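# Structural characterization, general
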Amino acid sequence: MRKTLYLKFLLAYFIFGFFGFVVVGTFVNSMTMEHLTREKADALYKEATLIANTYASDLYDNETSLDTVKKQLDALDTYLSANLWIINPSGRMILDSQAPLDVESERVIEGFDPTVTANSYYTIGNFFDSFTEEQLSVFAPITSNYKVRGYVVIHYPMSNITASCNSLLNISYLMLIILFLLSLIILIFFTEMVYLPLRKITEATEQYAAGNMHYEFQIDSEDEIGYLGATISYMAGAIARSEDDQKKFVANVSHDFRSPLTSIKGYLEAMLDGTIPPELHEKYLTIVLNETDRLTKLTNSLLTLNNLNTKGIMLDKSIFDINKVIRNTAASFEGTCKQKTIAIELILTGDELFVNADIGKIQQVLYNLLDNAIKFSHSNSIIKIETNEKHNKVFVSVKDSGIGIPKDDLKLIWDRFYKSDLSRGKDKKGTGLGLSITKEIILAHKENINVISTEGVGTEFIFSLPVADDDSED
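Residues numbered from 1 in each chain as written. Predicted model: local features only at pLDDT ≥ 70, side-chain atom pairs only at ≥ 80, totals over all residues. Heavy atoms only, no water.

Time to look at the sheet that holds strand β5 (residues 147–157). Two strands in a sheet stick together by hydrogen bonds in their backbones, pointing the same way (parallel) or opposite ways (antiparallel). If you trace the five strands from one edge of the open sheet to the other, you get β2-β1-β5-β4-β3, paired in antiparallel fashion. Both edges of this open sheet fall to β2 (93–96) and β3 (122–125), since each of them pairs with a single strand only. When strand polarity is set aside, the average angle formed by the axes of neighbouring strands in this sheet is 25 degrees. Relative to β5, strand β1 (residues 83–87) is paired through five bridges, and the arrangement is antiparallel. Note on β5: the bridge partner recorded for Ile86 is Val152. (Pairing = 2+ DSSP bridges. Helix = DSSP H or I, 4+ residues; strand = E, 2+ residues; numbered from the N terminus. Axes fitted to C-alpha atoms, helices over the stretch in contact; angles between N-to-C directions.)

The structure is reproduced here in structure tokens:
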């Protein structure tokens, strides 16, 4: 496509030049010749009329001599570069500016017909075979007492008009050539600003179509072409990142499934072959049961995350008391907190604080955050859950005083299956999907969730929900 596009543009450019010369050589030539002929005929007709009304009229009225009129015609012949005649209606020559005055010899224009001009005042030709080359012949009648006494005829060589026309055409050709050369600027502009960027984009799309999503290209332009290139490059980068995430996702899933399956298989084989004695079967069956619970939890988390990522997911929004949901969620961890001697402190705004959200998914968010906080808190510590209302938003904070998150890991905690090095020792049963699910739920509500953490001090998660107003609907 890129080659034919450029060749088409070049072909159009040369066709433009070709037809430009054709137009100048035909239509412009014809119009220029017609214009010059008519213009010259008008000028000569004025001279012929002036001569007919003065010198020629005086000659026929015997008010001036033939010799005097001959001198005047000779002067005008030189001035006009034309041949001036005075002839009778019968065609007999009276005076010829380019022939000596000879009253004794008679010259007659055979077949002379003053109506040859039809409705015009000039004719083009050899004037009744009087010339060997074409002439522009202009007639002006000599009248006296309302009677035509003769004619003033001025002959001007058409070769002179043709030469003038050619001179003008040469200028037209020169201007056309200059215009044609200047139009190369458009071709150069098209090449640099359109064709070359399009070729880069085409080459890039071919690479992407072949599966090379890491192919990089750059178009240094701020117009639509540059925007198109940047968009395609960004799209390819997003696809490449998606493919990398998919590979990483598959690898993580495989790893997290393989570990418990390996444990289950190993313990069961050991019990079957007698490596583990019967009196210890209960202990290791409990371990196997815990591993199956881990697999179940991982599978459920994957299904939840997949549903959250489905296009067009609908939230079952309703108006509910977020404080009540927090109290119920905190109560569900009472047994776990007693085992680790951890206290949960609730700092809630008002007895009731209504929000408009999906209660089931927000319960899952609170469960995930509180589960993480308990998991990574030290014994004999306090976890604070706080609510605040500001700018028609309810901000929920879950804060612990546990191991914290390293600074370099803060941007990665939302990734699926991600576990920081500090958390791996404590999070034996975690899937690494809890925070991913939490973020997807909050984003589905078009709200935000942020994290503030200091390694060795603790972590605080804060998310927002819209306050329920009087116009809110379930």
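Among the five residues that make up β1, five are buried, leaving the element largely enclosed by the rest of the structure. Neither face of β1 is left uncovered, since the one carrying Asn83, Trp85 and Ile87 and the one carrying Leu84 and Ile86 both have all their residues buried. Sheet topology note: the β1/β2 ladder contains three bridges and is antiparallel. Residue Ile87 lies in a different strand from β2, and its bridge partner there is Met93. A loop of five residues connects β1 with β2, the two strands running antiparallel in sequence, and Gly91 in this loop sits at a positive phi of about 100 degrees. (Buried < 20%, exposed > 50% of the residue type's maximum accessible area, 1.4 Å probe, protein only.)

On the basis of which strands lie adjacent, the open sheet formed by five strands has the order β7-β9-β10-β12-β11 and mixed pairing. A single partner strand is all that each edge strand has here, and the edge strands are β7 (343–347) and β11 (449–454). Within this sheet the neighbouring strands show an average axis-to-axis angle of 15 degrees, counted without direction. Strands β7, β9 (382–390), β10 (393–399) and β12 (458–466) of the sheet are contacted by helix α8 (residues 322–332), whose axis makes an angle of about 175 degrees with β7. Contacting β7, β9, β10 and β12, helix α10 (residues 359–375) crosses the sheet at an angle of about 170 degrees to β12. (Contact = heavy atoms within 4.5 Å.)

Judged by nonpolar contacts, the single largest core of 40 residues is most densely connected at Ile322, Ile362, Leu366 and Phe463. If one sorts the elements of this core by residue count, α10 sits on top with seven residues. Those residues within four positions of Phe463 in sequence are excluded, and the remaining contacts are Val365, Leu366, Leu369, Val394, Phe395, Val396, Ile442, Asn448 and Ile449. (Core = buried A, V, L, I, M, F, W, Y, C linked by side-chain atoms within 4.5 Å.)

Turning our eyes to something else, we now look at the pattern of salt bridges. Inspection of the entire model under this criterion finds nine salt bridges. Across the salt bridge formed by Asp74 and Lys70, the nearest N and O atoms sit 2.8 Å from each other. Of this pair, Asp74 and Lys70 are both found in helix α3 (residues 66–80), four residues apart, which corresponds to roughly one turn of the helix. Arg92 is the salt-bridge partner of Glu106, the closest N and O atoms lying 3.8 Å from each other. (Salt bridge = Lys/Arg side-chain N within 4 Å of Asp/Glu carboxyl O.)

Let us look at the packing of α10 against helix α12 (residues 434–444). Orientation of α10 relative to α12, taken along the N-to-C sense of each, is 145 degrees, at an axis distance of 9 Å. Note that α10 runs across α12; the crossing there is left-handed. For the pair α10 and α12, contact is made by Lys361, Ile362, Gln364, Val365, Asn368, Leu369 and Asn372 and by Gly434, Leu435, Ile437, Thr438, Ile441 and Ile442, respectively. Classifying every residue of the contact of α10 with α12 gives seven nonpolar, five polar and one charged. (Left-handed = near helix turned anticlockwise from the far one by under 90°. Nonpolar A, V, L, I, M, F, W, Y, C, P; charged D, E, K, R; others polar.)

The next point concerns the side chain of His155. Position of His155 relative to the elements: it lies in strand β5. Within polar-contact distance, the side chain of His155 engages the side chain of Ser137 at 2.8 Å. Not counting residues within four places of it along the chain, the set of residues in contact with His155 comprises Ala82, Asn83, Trp85, Phe127, Phe131, Gln135, Leu136 and Ser137. (Polar contact = N/O pair within 3.5 Å; in protein donor to acceptor, adjacent residues only side chain to side chain.)

Positioned with a positive phi, His391 is a non-glycine residue whose angle comes to about 55 degrees. Along the chain, the position of His391 falls in the loop between β9 and β10. We note that Asn392 has phi near 60 degrees; this positive angle belongs to a residue other than glycine. The topology assignment puts Asn392 in the loop between β9 and β10. We classify Asn392 as exposed; its relative accessible area is 61%.

Attention shifts here to the packing of aromatic side chains. Evaluated as defined, the whole model comprises 16 aromatic pairs. Measuring from ring centre to ring centre gives 4.6 Å for Tyr45 and Tyr121, while their planes differ by 40 degrees; the resulting arrangement is tilted. One end of the pair, Tyr45, is in helix α1 (residues 2–53); the other, Tyr121, is in the loop between β2 and β3, with 76 residues separating them in the sequence. With relative accessibility at 23%, the residue Tyr121 sits in the partly exposed group. Residues Trp85 and Phe127 carry aromatic rings whose centres are separated by 5.6 Å and whose planes lie at 75 degrees to one another, so their mutual orientation is edge-to-face. With Trp85 in strand β1 and Phe127 in the loop between β3 and β4 (135–144), this pair connects stretches of sequence that are 42 residues apart. Like Trp85, the residue Phe127 is buried in the burial classification. Three or more aromatic residues joined by ring pairs form one cluster here, namely Trp85, Phe112, Phe127, Phe128, Phe131, Phe139 and Tyr151. (Phe/Tyr/Trp six-rings, centres within 6.5 Å; stacked < 30°, edge-to-face > 60°.)

The periodicity of an α-helix, 3.6 residues per turn, causes residues three or four positions apart to be oriented the same way. The end-to-end C-alpha distance of α10, which contains 17 residues, comes to 24 Å, matching closely the 24 Å that a straight helix rising 1.5 Å per residue would cover. For α10, every residue scored as buried is listed here: Ile362, Val365, Leu366, Asn368, Leu369, Leu370, Asp371, Asn372, Ala373, Ile374 and Lys375. Measuring from the backbone nitrogen of Gly360 back to the side-chain oxygen at the start of α10 gives 3.2 Å, which picks out Asp358 as the cap. (Expected span 1.5 Å × (residues − 1).)

Bringing the pairing of β4 into the picture now. Burial runs high along β4: eight of the 10 residues are buried. The pairing of β4 with β5 spans 10 bridges and is classified as antiparallel. Within β5, the residue paired with Phe139 across the bridge is Val153.

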